[in-house]
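What follows is the residue order along each chain.
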Amino acid sequence: MLTRESALRIRDSALVRRLGDDAVVLDLETGTYFGLDPVGARFIELLVEGASIEQVARALVKEFDVEETVVAEDLLRLARDMLSNGLLEIA
Amino acid sequence: MGAHFYTLAGRTIVCDRSLPLLAGAALGRAGERGAITIRFGSGSGAVPHPPSWFHSWLRPGDSGETWLRFAEVEQGFLLDAPEQAQFAVSLTGDDIACFPSPAIAESTLHHLLLDHVLPLALGIMGDVVLHASGVALHGRSIALVGPSGRGKSTLAAHLGTRGAEILTDDCLVLRELDGKWYALPYYQGLRLWPESLQIVLPGTFERIKVSGGSDKECVLRHPAITFRREPARLGMIALLQEERPDVRAIALSALSHRDALMSVLPLMFFFEVRTRLALRNQFERLCRLVEVVPVCLFDFPRQFEALPNVGAAVVRAAPTNHRTGRALCADA
């Protein structure tokens, strides 16, 4: 089950490409793609470094003008979406 | 039967049948690197039988009928237009075998080959191929991108009557060279609905029917239209927005790289999604394209009487050597 404490990783078949401050994630198996705004792009970068959703949320509060509880909920929603599209998996 | 040589999008096409729409192209040369060979076969025995189809396109409208479906076969891909023709495309995209049904109209066969199969083959070969019209103004090209029915060809034809050179009507081939992107000329023809023809290109001129099931006609020559034979550096990509009755104003707005990529990706001719390396390479090419070339959303009223103003907005936004398209997109 996905929680704030969950650590996630990008699936081997997914490719992350930075485009300025944004990013796009492409699944090379299915052709599914996902656009990410600067917060989402940073989320993915921090996930790659092994951070949990909660740790990412804390880090993003320092980098962006966002509230921790709000950003944590947004990240959970994004993570669920990306999990269901096969772009992420629970570590 | 002798071979016919053509040039299409900068590549030599070698075909064992005459392809009249390519007749105006410069003569290609045999044995050139990057050439595409097209062979016509007969009899269904030679056509590979795929276990399943991984993708299909439906006919426009509500019929739900399959227009073209795709399968992987041992040596590449099979494209099937049910009851019309089948096309076996090699893994490298440079060899196409055509198997037309006896009943298919020649115009429909050529339409399938030139407007669907060849663009996909060019995508396999590494070109970025967009569902777009292309025009050149002051030596720089503009891509008018959008799905069918967005008014690409009508706008391109109008711009043609105002001095722009036509690169293509529906299939824009883009190639990267030293970090710059170039639009290559496709075949010489502008496909328009009768009403557009009557208003935008009145008079008598050489034209043919597009395919058996369509009222569209393909303009091959017109005194007001110049078809460009040379590549032109790509200056701007304009994404034609969906027609909406409430749109009264003409608006061009710049897109971020991310939104540009997300918008252009579905309008690319590319079906080799099952080969990871090919998909990765094509995705990376498209990323580089939207990083270099400005992409704008283009919203405009679709009434014919608005065309002069719509065309003028494109001309104003067109980048020249002294101005960048991105700056103009933001201001338009």
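Below you will find a few notes about this structure.

Before going further, it helps to spend a moment on helix 5 (residues 276-292) of chain B. Helix length check: helix 5 of chain B (17 residues) gives 24 Å between terminal C-alpha atoms against 24 Å at 1.5 Å per residue, within 8%. Listed in full, the buried residues belonging to helix 5 of chain B are A278, L279, Q282, F283, L286, C287, L289 and V290 of chain B.

Residues and elements named next belong to chain B. For the structure shown, the criterion picks out one cavity of 30 Å³ or more. In this structure, the largest cavity occupies an estimated 30 Å³ of space. D115, T168, D169, D170, C171, Y186, Y187, G189 and R191 are the residues that line the largest cavity. Its residues assigned to classes, the lining of the largest cavity shows three nonpolar, two polar and four charged.

A few words now on the pairing of strand 16 (residues 217-221) of chain B. Consecutive residues of a regular strand have side chains that alternate between opposite faces of the sheet. All names here are of chain B. For strand 16, a buried count of four out of five residues is recorded, marking the element as mostly surrounded by other parts of the structure. The pairing of strand 15 (residues 206-209) with strand 16 spans four bridges and is antiparallel. Considered in strand 16, the bridge of R207 is made with V219.

All names here are of chain B. If you trace the eight strands from one edge of the open sheet to the other, you get 1-2-3-8-7-6-5-4, paired in mixed fashion. Two strands lie at the open edges of the sheet, namely strand 1 (4-8) and strand 4 (55-58), each paired on one side alone. Averaged over all pairs of adjacent strands, the angle between strand axes in this sheet comes to 20°, irrespective of strand direction. One ladder, built from five bridges, connects strand 5 (residues 66-73) with strand 6 (residues 76-81); its direction is antiparallel.

With that settled, the discussion passes to the sheet that holds strand 4 (residues 33-36) of chain A. Spatially, 2-3-4 (chain A) is the arrangement adopted by the three strands of the open sheet, whose pairing is antiparallel. Two strands close off the open sheet at either side, each with one partner strand: strand 2 (14-19) and strand 4 of chain A. Strand after strand, the sheet turns through a mean of 15° between neighbouring axes, direction not considered. Across six bridges, strand 2 of chain A lies against strand 3 (residues 22-27) of chain A in antiparallel orientation. Note on strand 3 of chain A: the bridge partner recorded for R17 of chain A is V24 of chain A. Each of strand 3 and strand 4 of chain A is contacted by helix 3 (residues 68-84) of chain A, which is oriented at about 165° to strand 4 of chain A, the strand it contacts most. Its contacts with the sheet put helix 5 of chain B on strand 2 and strand 3 of chain A, and the angle it makes with strand 2 of chain A is roughly 10°.

The rules behind the values
Residues numbered from 1 in each chain as written. Chains lettered and ligands numbered in written order. Predicted model: local features only at pLDDT ≥ 70, side-chain atom pairs only at ≥ 80, totals over all residues. Heavy atoms only, no water. Helix = DSSP H or I, 4+ residues; strand = E, 2+ residues; numbered from the N terminus. Expected span 1.5 Å × (residues − 1). Buried < 20%, exposed > 50% of the residue type's maximum accessible area, 1.4 Å probe, protein only. 1 Å grid on protein atoms, 1.4 Å probe; cavity = no way out; pocket = protein on both sides within 12 Å on 5 of 7 lines; lining within 4 Å. Points joined across faces, edges and corners; volume = space filled by probe spheres on them. Nonpolar A, V, L, I, M, F, W, Y, C, P; charged D, E, K, R; others polar. Pairing = 2+ DSSP bridges. Axes fitted to C-alpha atoms, helices over the stretch in contact; angles between N-to-C directions. Contact = heavy atoms within 4.5 Å.

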